[in-house]
Amino acid sequence: QVQLVESGGGLVQPGGSLRLSCAASGSLFSINAMGWYRQAPEKQRELVATITSGGSTIYADSVKGRWTISRDNAKNTVYLQMNSLKAEDTAVYYCKARLRFYSGVSEYDYWGQGTQVTVSS
């Protein structure tokens, strides 16, 4: 019923940029927040940035000033502009959407399949 489609990952050199996108497809729900998380090998998945439908944002300290999260509510899409990439940013990046179906009151978290970001010279 709900699918998150991620794109934009790839291989870049240190100092380069990427833009990730994630679109939530489906119907009969509203999205309260969307965000990006990442998981490097042998590490815990960690929050990168989130944004609510109203535009409030949260960033991990490690990406503040370098990256920007934005959203297009009409398209149920969230973006992550990643500038000044560092080798330590290398990870699988996962999109998450927190949504509520119109038929209920509970919120649910849905995850994308992940997209690989590799920063290497």
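Cut-offs applied
- Residues numbered from 1 in each chain as written.
- Predicted model: local features only at pLDDT ≥ 70, side-chain atom pairs only at ≥ 80, totals over all residues.
- Heavy atoms only, no water.
- Helix = DSSP H or I, 4+ residues; strand = E, 2+ residues; numbered from the N terminus.
- Rg over C-alpha atoms; globule rule 2.2 N^0.38 Å.
- Buried < 20%, exposed > 50% of the residue type's maximum accessible area, 1.4 Å probe, protein only.
- Contact = heavy atoms within 4.5 Å.
- Areas by Shrake-Rupley, 256 points an atom, 1.4 Å probe, with all protein chains shown as cover.
- Lys, Arg positive; Asp, Glu negative; His and termini not counted.
- Charge placed at Lys NZ, Arg CZ, Asp CG, Glu CD.
- Core = buried A, V, L, I, M, F, W, Y, C linked by side-chain atoms within 4.5 Å.
- Pairing = 2+ DSSP bridges.
- Axes fitted to C-alpha atoms, helices over the stretch in contact; angles between N-to-C directions.

Draft legend 1. Highlighting the overall build of the chain. A tally of regular secondary structure across the chain gives zero helices and eleven strands. Computed over its C-alpha atoms, the radius of gyration of the chain comes to 14 Å, within 12% of the 14 Å expected for a compact globule of 121 residues. C-alpha atoms of the chain, sized along the principal axes, occupy 50 × 25 × 25 Å. Counting every position in the chain, which comprises 121 residues, the buried fraction comes to 37%. Residue pairs in contact within the chain that sit at least 24 positions apart in sequence constitute 54% of those at least 6 positions apart. For the chain, the accessible area works out to roughly 6700 Å², and carbon and sulfur atoms hold 46% of it. Across the chain, 12 positive and 9 negative side-chain charges occur, with their mean positions spaced 4 Å apart.

Draft legend 2. Region of interest: the nonpolar core. Grouped together as the largest cluster of nonpolar side chains are 31 residues, with contacts concentrated most on Trp36, Leu80, Met82 and Tyr93. Those elements giving two or more residues to this core turn out to be β3 (18-25), β4 (29-39), β5 (46-52), β7 (67-72), β8 (77-82), β9 (91-101) and β11 (115-119). If you tally residues by element for this core, the top one is β9, at five residues. Not counting the four nearest positions on each side in its chain, Leu80 is found in contact with Leu18, Arg19, Leu20, Trp36, Val48, Ala49, Trp67, Thr68 and Ile69.

Draft legend 3. Structural view of the sheet that holds β8. Here we have four strands laid out as an open sheet, ordered β1-β3-β8-β7, and antiparallel in their pairing. Looking at the sheet topology across the chains shown, the edges are occupied by β1 (3-7) and β7. The sheet shows a mean angle of 15° between the axes of neighbouring strands, taken without regard to direction. Sheet analysis places β3 next to β8, joined by six bridges and oriented antiparallel. Directly across from Leu18, in β8, lies its bridge partner Met82.

Draft legend 4. Representation of the pairing of β3. Across five bridges, the pairing between β1 and β3 is antiparallel. Counted as the bridge partner of Glu6 is Cys22 from β3.

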